[in-house]
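Chains, contacts and geometry: an overview
Below, each chain spelled out in residue letters.
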2 protein chains.
Amino acid sequence: MADQAYVTLATNDNYAKGAMVLGRSLRNHNTTKQLVVLIGPHVAEPCRAMLSSIYDEVCVVDILDSRDTVHLALMKRPDLGVTFTKLHCWTLTHYTKCVFMDADTLVLSNIDELFEREELSAAPDPGWPDCFNSGVFVFKPSNETYRSLMTHCTENGSFDGGDQGVLNSFFNTWSTADISKHLPFIYNLSSIAIYTYLPAFKQYGHEAKVVHFLGKVKPWNYSYDTQTGKVKGHTMTPGSGDLHPDFLVQWWNLYSSGVLPALRDSYG
Amino acid sequence: MADQAYVTLATNDNYAKGAMVLGRSLRNHNTTKQLVVLIGPHVAEPCRAMLSSIYDEVCVVDILDSRDTVHLALMKRPDLGVTFTKLHCWTLTHYTKCVFMDADTLVLSNIDELFEREELSAAPDPGWPDCFNSGVFVFKPSNETYRSLMTHCTENGSFDGGDQGVLNSFFNTWSTADISKHLPFIYNLSSIAIYTYLPAFKQYGHEAKVVHFLGKVKPWNYSYDTQTGKVKGHTMTPGSGDLHPDFLVQWWNLYSSGVLPALRDSYG
Ligand SMILES: O=c1ccn([C@@H]2O[C@H](COP(=O)(O)OP(=O)(O)O)[C@@H](O)[C@H]2O)c(=O)[nH]1
Ligand SMILES: O=c1ccn([C@@H]2O[C@H](COP(=O)(O)OP(=O)(O)O)[C@@H](O)[C@H]2O)c(=O)[nH]1
Ligand SMILES: [Mn+2]
Ligand SMILES: [Mn+2]
């Protein structure tokens with residue numbers, strides 16, 4: 001459907017790699033929705049070209065350059081730069097419904113059924129499970145909601161310094177109001193959860209539909225041996241802060257087969 | 001109300017200490033409900049006496065000695081000993097509704113409003129938040145449910161080896177069916193969650209109503225200096241596996257003032 005889209009964000013070339021893999025993974029699982037990537041003005045030309053080949057829409061969002069209200073808001077809260085950029089997705093009003101996905105997510109099967117959900121649907125955050133994790137969420141673009149979000153953000157800041165804090169205090173009935181707005185955790189399986197409660201991962205992990213490489217270390221921070229198909233710089237002994245080896249290998253397989261060759265071509 | 005009760009479990013003298021503190025914390029916050037503790041046959045006499053002074057009912061549950069079905073079930077699954085004992089709470093059919101609380105929980109304010117909820121209400125487990133944590137849950141005693149649970153347990157085992165696995169696979173619509181069965185996380189705030197998402201704890205932690213000292217190290221594994229009011233053997237530098245220093249001190253304050261003096265008297 002042309003009025004529904006997946007949306008992601010990449011303000012730099014590293015996150016752009018994530019967006020490429022995410023977009024490919026959505027295509028590989030035959031999504032019927034539009035794919036949109038919001039990029040920052042500093043994303044390099046070859047990356048933009050690559051993104052254009054995967055995504056239906058590549059929108060440069062330079063929030064410093066945007067309408068007065070936002071600019072003003074940002075001047076008051078310079079710490080919330082990327083957060084403001086992410087909230088920008090609400091301005092995509094040529095779509096009636098969207099699913100936002102962090103650039104550090106990877107899709108493992110078709111998830112178009114998410115578009116049956118209403119705003120704001122999201123999966124619980126492991127850690128503080130009465131908060132939703134803002135790496136995957138269903139929303140309805142609206143300039144009015146966008147303005148309210150900006151005001152809220154400027155007046156209250158973010159309790160965690162990022163978009164997750166803002167969105168949770170704005171959509172603050174998520175944990176109590178409507179179970180249908182709770183996406184199953186398998187739509188936003190963060191690697192951090194795996195080792196906290198390993199028996200549950202063993203029981204339910206095979207049903208994972210979206211993996212989220214949440215945290216400081218991202219897949220693109222590792223390197224990959226195309227000969228052996230192994231990820232380097234990874235200890236492979238699961239522990240705190242490590243990404244799950246299987247999912248990491250899946251990310252790299254897709255990157256090295258579906259992204260890297262074309263990217264090399266375009267860098268010449 | 002005489003037909004509603006808080007229920008806990010202690011199979012040995014260490015968990016009995018936890019049960020004493022839990023019971024005292026419920027009394028201090030003026031609960032109007034009955035207090036029941038299930039104990040194992042090996043809990044020492046002075047501990048039983050102490051528990052009797054706090055709880056309305058002290059029930060010795062020797063599941064090896066109980067009705068044939070349970071005994072038989074247990075023979076097939078000797079690994080599920082304590083799990084079977086916990087499920088025993090469903091047989092307290094002289095109550096119409098109960099709240100089970102692990103012996104390693106501590107109540108920080110009156111929580112009698114939990115009795116407005118229906119079976120099975122529980123808070124999400126940080127780690128795998130589509131599972132509920134079985135440290136605090138609302139249930140309705142029923143011999144029929146008890147038998148079904150036993151059968152389920154014997155036939156399917158427990159994916160985590162404990163009661164949480166069994167209860168989650170038995171009450172398997174918890175995450176999708178009814179938001180009113182999701183207790184707010186502040187009714188079962190596990191210390192593990194605090195450091196995983198510290199900004200959320202800073203934002204919402206002051207509303208905590210029940211702390212759960214989940215994990216290997218329990219409050220009674222530390223020691224306490226009654227002169228200084230400080231807990232010893234605790235690094236006080238928050239990190240993985242550490243219990244939160246404030247909550248730990250609260251547990252010890254209550255233990256040393258409300259439990260230890262009487263316990264010393266009765267040990268002579
Ligand atoms: O410098 C940045 C940081 C973040 N992001 C976007 O914001 C999302 C959220 O940040 P991140 O995934 O790093 O946070 P985490 O999920 O680890 O909390 C990313 O996935 C990107 O889509 C970005 O484009 N540039
Ligand atoms: O040897 C044991 C182990 C557990 N329990 C009871 O079972 C509950 C669950 O165990 P625990 O709290 O140790 O598990 P955790 O919450 O750390 O997963 C305890 O709080 C006690 O009420 C017990 O009586 N004896
Ligand atoms: Mn992310
Ligand atoms: Mn416990």
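Residues numbered from 1 in each chain as written. Chains lettered and ligands numbered in written order. Predicted model: local features only at pLDDT ≥ 70, side-chain atom pairs only at ≥ 80, totals over all residues. Heavy atoms only, no water.

Each helix and strand in chain A was counted, giving 10 helices and 11 strands. Against the globule reference of 18 Å for 268 residues, chain A gives a C-alpha radius of gyration of 18 Å, in line with a compact fold. Across chain A, the fraction of contacts at a sequence separation of at least 24, relative to all contacts at a separation of at least 6, is 70%. Looking at chain A as shown, the accessible area adds up to about 11,000 Å², and 50% of this sits on carbon and sulfur atoms. If you average the places of the 21 positive and of the 28 negative side-chain charges in chain A, the two averages end up 3 Å apart. (Helix = DSSP H or I, 4+ residues; strand = E, 2+ residues; numbered from the N terminus. Rg over C-alpha atoms; globule rule 2.2 N^0.38 Å. Contact = heavy atoms within 4.5 Å. Areas by Shrake-Rupley, 256 points an atom, 1.4 Å probe, with all protein chains shown as cover. Lys, Arg positive; Asp, Glu negative; His and termini not counted. Charge placed at Lys NZ, Arg CZ, Asp CG, Glu CD.)

Before going further, it helps to examine the site of ligand 1. Residues and elements named next belong to chain A. Of all residues adjacent to ligand 1, which total 13 residues, the nearest are Leu9, Thr11, Tyr15, Gly215 and Lys218. At a separation of 3.0 Å, an oxygen atom of ligand 1 approaches a polar backbone atom of Ala103. Here an oxygen atom of ligand 1 sits 2.8 Å away from a polar atom, N or O, in the main chain of Gly215. Coverage of ligand 1 by the protein chains reaches 77% of its 510 Å² of free accessible surface. Each residue belonging to the shell around ligand 1 can be placed in one class, and the counts come to six nonpolar, four polar and three charged. (Near = heavy atom within 4 Å. Polar contact = N/O pair within 3.5 Å; in protein donor to acceptor, adjacent residues only side chain to side chain. Nonpolar A, V, L, I, M, F, W, Y, C, P; charged D, E, K, R; others polar.)

All names here are of chain B. Take Thr83: it is sitting in helix α4 (residues 81-87). At a separation of 3.3 Å, a polar atom in the side chain of Thr83 contacts the main-chain amide nitrogen of Asp163. Every residue in contact with Thr83, bar those within four places of it in the chain, is listed here: Cys153, Gly161, Gly162, Asp163 and Val166.

A separate point is the coordination of the manganese ion (ligand 4). Looking at the manganese ion (ligand 4), the protein donor atoms are B:Asp102 (OD), B:Asp104 (OD), B:Asp104 (OD) and B:His212 (NE2), and they sit 2.2 to 2.3 Å from it. Each of the six donor atoms bound to the manganese ion (ligand 4) contributes to angles spanning 57 to 173 degrees, and the resulting shape is irregular. (Donors = N, O, S within 2.8 Å, 3.2 Å for Na, K, Ca; no water. Tetrahedral: all angles 85-135°; square planar, octahedral: opposite > 155°, others 65-115°.)

Two quantities define a packed helix pair, namely the angle between the axes and the distance from one axis to the other. Residue and element names in this part refer to chain A. Between helix α1 (residues 13-28) and helix α10 (residues 245-267), whose axes approach to 10 Å, the crossing angle comes to 115 degrees. Handedness of the crossing formed by α1 with α10: right-handed. For the pair α1 and α10, contact is made by Asp13, Lys17, Gly18, Met20, Val21, Arg24, Ser25 and Asn28 and by Trp251, Leu254, Tyr255, Gly258, Val259, Leu263 and Tyr267, respectively. Of the residues assigned to the contact of α1 with α10, the class counts are eight nonpolar, four polar and three charged. (Axes fitted to C-alpha atoms, helices over the stretch in contact; angles between N-to-C directions. Left-handed = near helix turned anticlockwise from the far one by under 90°.)

Residue and element names in this part refer to chain B. With respect to spatial proximity, 13 residues lie near ligand 2, and among them Leu9, Thr11, Tyr15, Gly215 and Lys218 are the closest. The contact in question runs from an oxygen atom of ligand 2 to an N or O atom on the side chain of Asp104, over 2.9 Å. Residue classes in the shell around ligand 2 are distributed as six nonpolar, four polar and three charged.

Below, the discussion takes up the confidence of the model for chain A. Summing up the model confidence of chain A, the mean pLDDT is 91 and the portion of residues at 70 or higher is 94%. Every residue in residues 236-240 of chain A scores below 50 in pLDDT, and together they form four contacts with partners more than four places removed in sequence or on other chains. (pLDDT = per-residue confidence, 0-100.)

Attention now goes to the coordination of the manganese ion (ligand 3). All names here are of chain A. Taken together, the protein donors to the manganese ion (ligand 3) comprise Asp102 (OD), Asp104 (OD), Asp104 (OD) and His212 (NE2), at separations of 2.2 to 2.3 Å. The site at the manganese ion (ligand 3) holds six donor atoms, and with the angles between them running 57 to 172 degrees, its shape is irregular. Going along the chain, you hit the donors of the manganese ion (ligand 3) in the pattern D-x1-D-x107-H. There is no split in this pair, since Asp102 and Asp104 are both buried. (Buried < 20%, exposed > 50% of the residue type's maximum accessible area, 1.4 Å probe, protein only.)

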